[in-house]
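Fold and contact review
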Amino acid sequence: MPELPEVEVVRRGLAEHVVGRTVTAVEVRHPRAVRRHLPGPLDFAARLDGRTVTAARRRGKYLWLELDRPADLVLAHLGMSGQLLVQPVDALDETHLRIRLRLDDGNELRFVDQRTFGGLSVEDRTDDGLPAPVAHIARDPFDPAYLVEEVVARIRRKDTGLKRALLDQTVVSGIGNIYADEALWRAQLHWARPTATLDRPAARRVLGAAAAVMAAALGEGGTSFDALYVNINGESGYFDRSLAVYGQEDRPCPRCGTAIRRESFMNRSSYSCPRCQPRPRRPHW
DNA sequence: CGACTCTCCTGGGTGC
DNA sequence: TGCACCCAGGAGAGTC
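Residues numbered from 1 in each chain as written. Chains lettered and ligands numbered in written order. Predicted model: local features only at pLDDT ≥ 70, side-chain atom pairs only at ≥ 80, totals over all residues. Heavy atoms only, no water.

Now for the sheet that holds strand β2 (residues 53-59). What links the strands of a sheet is backbone hydrogen bonding, and the strands pair in either a parallel or an antiparallel sense. If you trace the four strands from one edge of the open sheet to the other, you get β2-β3-β4-β8, paired in antiparallel fashion. Two strands in the sheet have a free side with no partner beyond their single neighbour: β2 and β8 (119-124). Each adjacent strand pair in this sheet contributes to an overall mean axis angle of 25 degrees, direction not counted. Summarising the sheet, β2 and strand β3 (residues 62-67) pair through six bridges and their orientation is antiparallel. Bridge pairing in β3 links Arg57 to Trp64. Sheet strands touched by helix α2 (residues 41-48): β3, β4 (72-77) and β8. Its angle to β8, the strand with the most contacts, is close to 65 degrees. (Pairing = 2+ DSSP bridges. Helix = DSSP H or I, 4+ residues; strand = E, 2+ residues; numbered from the N terminus. Axes fitted to C-alpha atoms, helices over the stretch in contact; angles between N-to-C directions. Contact = heavy atoms within 4.5 Å.)

This next bit is on the protein's contact with DNA strand C. Close to DNA strand C lie 15 residues, the nearest being Tyr62, His77, Met80, Phe117 and Tyr246. One nitrogen or oxygen atom from the main chain of Asn177 is found 3.2 Å from a phosphate oxygen belonging to DNA strand C. Residue Ser269 places a side-chain N or O atom 2.5 Å away from a phosphate oxygen belonging to DNA strand C. Classifying every residue of the surface near DNA strand C gives five nonpolar, six polar and four charged. (Near = heavy atom within 4 Å. Polar contact = N/O pair within 3.5 Å; in protein donor to acceptor, adjacent residues only side chain to side chain. Nonpolar A, V, L, I, M, F, W, Y, C, P; charged D, E, K, R; others polar.)

The next thing to look at is the packing of aromatic side chains. A full pass over the atoms with the stated rule returns two aromatic pairs. Ring centres of Trp191 and Phe265 lie 4.5 Å apart, and the angle between their planes is 35 degrees; on these two criteria the pair is classed as tilted. Highlighted residues: Trp191 in the loop between α5 (177-187) and α6 (200-221) and Phe265 in strand β9 (residues 261-265), separated in sequence by 74 residues. Owing to a relative accessible area of 6%, Phe265 belongs among the buried residues under this scheme. Where Tyr246 meets Tyr271, the ring centres are 5.2 Å apart and the plane angle is 70 degrees; that geometry is what we call edge-to-face. Taken together, the residues span a long stretch of sequence, with Tyr246 in the loop between α6 and β9 and Tyr271 in strand β10 (residues 268-272) at a distance of 25 residues. (Phe/Tyr/Trp six-rings, centres within 6.5 Å; stacked < 30°, edge-to-face > 60°. Buried < 20%, exposed > 50% of the residue type's maximum accessible area, 1.4 Å probe, protein only.)

On to the sheet that holds strand β1 (residues 23-28). Strand order in this open sheet of four strands is β1-β6-β7-β5, and the pairing throughout is antiparallel. The sheet is open, and its two edges are formed by β1 and β5 (82-88), each paired on a single side. Looking at each pair of strands side by side, their axes are set apart by 20 degrees on average, direction ignored. Of the pairings in the sheet, the one linking strand β6 (residues 97-103) to strand β7 (residues 107-113) comprises five bridges and is antiparallel in character. Looking at the pairing, Ile99 lines up with Phe111 of β7.

A few words on the nonpolar core. In terms of nonpolar packing, the biggest core is built from 31 residues, with Ile155, Leu162, Leu166, Ile175, Leu189, Val206 and Leu207 touching the most fellow members. For this core, the secondary-structure elements that each account for two or more residues are α3 (148-157), α4 (162-167), α5 and α6. Top element by residues in this core is α6. It accounts for nine residues. Not counting the four nearest positions on each side in its chain, Leu189 is found in contact with Leu162, Leu184, Leu198, Ala202, Arg205, Val206 and Gln277. (Core = buried A, V, L, I, M, F, W, Y, C linked by side-chain atoms within 4.5 Å.)

Once that is clear, we can look at the domain arrangement of chain A. Taken domain by domain, chain A comprises domain 1 (4-134) and domain 2 (148-272). The C-alpha-based centres of domain 1 and domain 2 are spaced at 27 Å. (Domains from an automatic or database assignment.)

This part takes up the protein's contact with DNA strand B. Surrounding DNA strand B, one finds Arg32, His96, Gln114, Arg115, Thr116, Phe117, Lys158, Asp159, Thr160, Arg164 and His284. Counted by atom, the contact set of DNA strand B within 4 Å of the protein is 71% sugar and phosphate. Interatomic distance of 2.9 Å between a backbone N/O atom of Asp159 and a phosphate oxygen of DNA strand B. Here Arg164 contributes a side-chain N or O atom positioned 3.2 Å from a phosphate oxygen of DNA strand B. Within the surface near DNA strand B, the residues separate by chemical class into one nonpolar, five polar and five charged.

Right, dumping it as structure tokens:
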């Protein structure tokens, strides 16, 4: 599942292999992949054809390309299973190839997505330079203008559980289920801890842990990047990340050895250490 | 308005 | 071998 580090790896790949290229043909193979482009697949193709990519940008898990028609941006969200790949034109089509952009250097930018939760769209650029659908997304911890104290204050003002707050992309962006669990484990906090009972040091601790674990993952993901193969890959570095709790049910906690537990929350799994992360007295589900 | 649930989707895994 | 079922989960829509 691409979260902030994986999306940043993709952005870097786009910056290296796609910025400066011109789109010479567009093929939408699955309309659902452009469902957020309300004028439809034909308009999507027309707005992209002939455009030159001038920059690759990101906020949280959203990724976009700037174009030589500055009013337009190509917005991408990878969802759960989306990938952006640069492939030579003669490479075999992937099973779940959804969108193909032919480039002027003999390569293609391909959007591949098994579950089609993700997709591409051409969006208007707002006054602050963001695609309109990204305007409500908070800055992520890698953003130079990210202000941790602002996020600490917002979290403590909320009336909800801590993990829900960490996953709220309007509070802090880029954190998904995996890094939320890892950050909570590092900070030794339970996912159902009521945000209102969190003191400032604890809030700083969990946010700092989220930034640190994502930075570490980015450090690993950046290494598996290699030109002209599966080089702009939403899952780069994903499998060799070292995860303390996520997906580690019944395995020993790396800190204390207690068996990691899995609990259901928000229709997804939460992994934690029963000893390092005791359930709060009055949990906020 | 804030908090929260529902829903979209596909394929790998599992149990009978 | 086949088939029903569960599960992965980001984020916008909708409800209260």
